Amino acid sequence: MSDRVIIFDTTLRDGEQALSASLNPEEKLKIALALEELGVDVMEVGFPISSPGDFSAVNTIAKTVKNSCVCGLARAVDKDIIACAEALKPAENFRIHTFIATSDIHLQTKLHKTFDEVCEMAVHSIKLAKNYTDNVEFSCEDAGRTSVDNLCVIIEKAIAAGATTINIPDTVGYNLPNEFGAKIRGIIERVPNIDKCVLSVHCHNDLGMATANSIVAVENGARQIECAMNGLGERAGNCSLEEVVMVMKTRSDFLHTETGINTRKIYRTSQLVSKICNVPVAQNKAIVGQNAFSHSSGIHQDGFLKNSQTYEIITPESIGLNQSTLHMTSRSGRHVIKSRMESMGYKDGSYDLDKLYARFLKLADKKGQVFDYDLEALLFFSELEKNEDYYKLDYLSVLSGGSVLATASVRMDVGGKKICEAATGNGPVDAVYQCILRITGVDAKIYSFEIKAGGQGKDALGEVDIIVDYEGRKFHGMGLATDIIESSARALVHAINSIECAKIIQEKKEQGELPAGAAAVN
Ligand code: KIV
Ligand code: ZN
């Protein structure tokens, strides 16, 4: 049996059908091109009969994608199959995926059909699809709750009718890993013509077992996994592409299987899908979450610095990230501070680590997370103590809403001098940001912008956290106010003051007033 597992991506079908707003053809094409680069073997890109928009998206992708097989979904109904074939026609390599439910509950309450009638419909649809392509997949919807006896009957007929891939969906994420593994093994052992097809699985995550069930299916002989980027899909989602791929890569010692995925493209594909679909990735999501390669506890950070493998089983580089992150919080130990100082050029022994660490802890308690520029500021504390914020927000007024072009006027105190600016923008925050950037003359680019409510109800404070990029370095700013435009303005002013502080340190170093890369904490 081949060790190669086919990765069938359904982000643009099962994933897309679960979004609160459907994607337009251009958005779907962007994702399809990223999936092609990622190296998916098959991409299921829509359900052509479902809407003219979906038909057109499938058709556009079929015309453009060259290196992955493009697949469309069709119920076991003639008009679905004909529309699917029509949409896929321009593709160099396409697959028609037809399905019908096989579990008792679906037969009795949804389809009102007998099992024999369903078998006939399946056979008829597969034969019809074969007129358009040799590459036909058949799925027994709700196979997870269908008896193995019935599955064996319909699968044998489907293969005899020409299906080249047989898919076993655990449609409602009901199966336990051992149970699902035994089902796959049972099918392989009992269906006489099973060697004429590839056996596939499609697991939903209702009980959080989609990845485990897919992997156990592979252990029992399945050779295609249906999955979606970031685990998107109906309800709790589909099996995550990034998880199954990284399981097979990381545990190849045990599974002896491989995929054709270029894992270094995983992170950027995940980010693209998240942005286009407007579904944020949970911070603690396996593989692609913001915390997947960041270490917080002092003990973990210490172990990681001694040998990254103490707390990391996969490298960030393997999914296309630059490096792991060690958050500097009040839980961080001295070794992290030392290591971060070293990376900024401050040699061990050239400053008083104990004093710096004591100041760091105070700041971390106050601020939550400390950044490298904060450390540098702490190092030269006595110099900077005298520098109160150079930029202060003094007054702010905004006109926006409906058809009005957002317009802001801002007055700031800049080193004791009042300066005003007015600007228009793409919305009130943008207009205010234009004013602040003009007043300060700081060429900062907004890298991330997050808004959340501090407190409950209508009196909640709006908290804005931003990260700005200034000459390749990231600076953080936080603003809190009852008005979210004001919080946004305060966050930017905070970040710009940190930039100012870093600039002063840099200038003093260049003028020899502060030691470059070697200093003592006063
Ligand atoms: O979950 C499911 O059963 C499906 C089928 C259409 C494969 O998405
Ligand atoms: Zn599904």
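Residues numbered from 1 in each chain as written. Chains lettered and ligands numbered in written order. Predicted model: local features only at pLDDT ≥ 70, side-chain atom pairs only at ≥ 80, totals over all residues. Heavy atoms only, no water.

**Describing the pattern of salt bridges**
For clarity, the threshold we go by: The rule for a salt bridge is simple: a side-chain nitrogen of Lys or Arg has to be within 4 Å of a carboxyl oxygen of Asp or Glu. Helix and strand assignments come from DSSP, with helices taken as H or I runs of at least 4 residues and strands as E runs of at least 2, each series counted from the N terminus. Here's how the labels work: a residue is buried when its accessible area is under 20% of the maximum for its type, exposed when over 50%, partly exposed in between, all with a 1.4 Å probe on protein chains only.
Going through the model one piece at a time under the given rule, you end up with 35 salt bridges. A salt bridge links glutamate 92 to lysine 66, with the shortest nitrogen-to-oxygen separation between them at 4.0 Å. Of the two residues, glutamate 92 is situated in the loop between helix 4 (78–88) and strand 4 (94–101) and lysine 66 in the loop between helix 3 (52–64) and strand 3 (69–75); the sequence distance between them amounts to 26 residues. Residue class for glutamate 92 comes out exposed when judged on its relative accessible area of 60%. Bridged by salt links that share partners, the residues Asp394, Arg411, Asp413 and Lys418 form one connected network.

**Here's the deal with the environment of asparagine 497**
To keep things clear, this is the line we draw: In what follows, a contact means two residues having at least one pair of non-hydrogen atoms within 4.5 Å.
In this structure, asparagine 497 sits in helix 19 (residues 484–510). Once residues lying within four places of it in the same chain are set aside, the contact partners of asparagine 497 are Asp389, Tyr390 and Tyr391.

**A word on the packing of helix 9 (residues 210–219) against helix 10 (residues 241–250)**
Rule in force here: Axis angles are defined between N-to-C directions and span 0 to 180 degrees, where every axis is a line fitted to C-alpha atoms and, for a helix, only to the segment in contact. Each angle gets one of four labels, with under 35 degrees taken as roughly parallel, over 145 as roughly antiparallel, 65 to 115 as roughly perpendicular, and the rest as oblique. By the definition used in this description, the sense in which the near helix is turned from the far one sets the handedness, with an anticlockwise turn below a right angle giving left-handed and a clockwise turn giving right-handed. Any residue outside Ala, Val, Leu, Ile, Met, Phe, Trp, Tyr, Cys, Pro, Asp, Glu, Lys and Arg is labelled polar, Gly included; the first ten of those are nonpolar and the last four are charged.
The N-to-C vectors of helix 9 and helix 10 enclose an angle of 45°; their axes lie 10 Å apart at closest approach. In this view, helix 9 runs oblique relative to helix 10, as classed from their interaxial angle. Helix-helix and strand crossings are classified by hand; for helix 9 and helix 10 the assignment is right-handed. Contact residues: helix 9 offers Thr211, Ser214 and Ile215, while helix 10 offers Glu243, Val244, Val247 and Met248. Of the residues in the contact of helix 9 with helix 10, the class split is 4 nonpolar, 2 polar and 1 charged.

**Remarks on the pairing of strand 13 (residues 417–424)**
Consecutive side chains of a regular strand alternate in pointing toward one face of the sheet and then the other. To be explicit about the condition: Two strands qualify as a pair provided that DSSP identifies no fewer than 2 bridges between them.
In the sheet, strand 12 (residues 404–414) pairs with strand 13 via 8 bridges, with the strands oriented antiparallel. Residue pairing in the sheet places valine 414 in a bridge with lysine 417 of strand 13. If you look at the hairpin formed by strand 12 and strand 13, you'll find 2 residues sitting between the two strands, and glycine 415 has a positive phi there, around 55°.

**Some points on the state of the cysteines**
Stated precisely, the cut-off is as follows: Cysteine sulfur atoms are paired as a disulfide whenever they come within 2.5 Å of each other.
With the rule as written, the count across this model stands at 0 disulfides. Left without a disulfide partner, cysteine 71 is nearest to the cysteine sulfur of cysteine 69, which lies 6.5 Å away. Its sulfur unpaired, cysteine 227 is 5.5 Å from the next cysteine sulfur, which belongs to cysteine 239.

**Details of the sheet that holds strand 12**
The strand order 11-12-13 describes an open sheet built from 3 strands, whose pairing is antiparallel. Of all the strands in the sheet, just strand 11 (391–401) and strand 13 have a single pairing partner and so form its edges. Going from strand to strand, the sheet's axes swing by 10° on average, the running direction of each strand aside. Strand contacts of helix 18 (residues 428–440): strand 11, strand 12 and strand 13, with the helix running at about 35° to strand 12, the strand carrying the most contacts. Lying over the sheet, helix 19 contacts strand 11 and strand 12, oriented at roughly 145° with respect to strand 11.

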